[in-house]
Amino acid sequence: MARAIRERLAPTLIEIEDDSGRHAGHAGMRGAAAGGETHFNLLIVSAAFDGMARVQRSRLVHELLAPEFGSGLHALSLTLRTPAEQDRIAGA
């Protein structure tokens, strides 16, 4: 997942948190191998998001990770920012 994001988006910051453990028994976990990685929280800061609406950013990341969804990924919680947006938040 991280490699695909880095190759396509060249992020200045990427944080990936595996949140799968909080979803034990959830429909997305059924059939997943024990300890399966199916739910993630992602923070991606990339200039590739410049000029894109939030929905466009989300679609881009979902398209980029389509192979992951095909192999067990079930859900993403996305925080997608441009470097300028991240700077404003960090400076607040």
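Draft legend 1. Broad picture of the nonpolar core. Core analysis: the biggest nonpolar cluster contains 14 residues, and Ile5, Leu9, Leu42, Ile44, Phe49, Val61 and Leu76 have the highest contact counts within it. Secondary-structure elements contributing two or more residues to this core are α1 (2–9), β2 (39–45), α2 (54–64) and β3 (75–81). When neighbours within four sequence positions are excluded, Leu42 is seen to be in contact with Met1, Ile5, Glu15, Ile16, Val61, Leu65, Leu76, Ser77, Leu78 and Thr79.

Draft legend 2. A look at the pattern of salt bridges. Counting across every chain of the model gives 1 salt bridge. In this structure, Arg57 engages Glu85 in a salt bridge whose closest nitrogen and oxygen atoms are separated by 2.8 Å. With Arg57 in helix α2 and Glu85 in helix α4 (residues 83–91), the pair connects residues that are 28 residues apart, well separated along the chain. Take Arg57: its relative accessible area is 8%, and that puts it in the buried class. Classification of Glu85 as partly exposed rests on a relative accessible area of 22%.

Procedures and definitions
Residues numbered from 1 in each chain as written. Predicted model: local features only at pLDDT ≥ 70, side-chain atom pairs only at ≥ 80, totals over all residues. Heavy atoms only, no water. Core = buried A, V, L, I, M, F, W, Y, C linked by side-chain atoms within 4.5 Å. Buried < 20%, exposed > 50% of the residue type's maximum accessible area, 1.4 Å probe, protein only. Helix = DSSP H or I, 4+ residues; strand = E, 2+ residues; numbered from the N terminus. Contact = heavy atoms within 4.5 Å. Salt bridge = Lys/Arg side-chain N within 4 Å of Asp/Glu carboxyl O.

Honestly, that's just the spatial picture; any functional story needs more than this.
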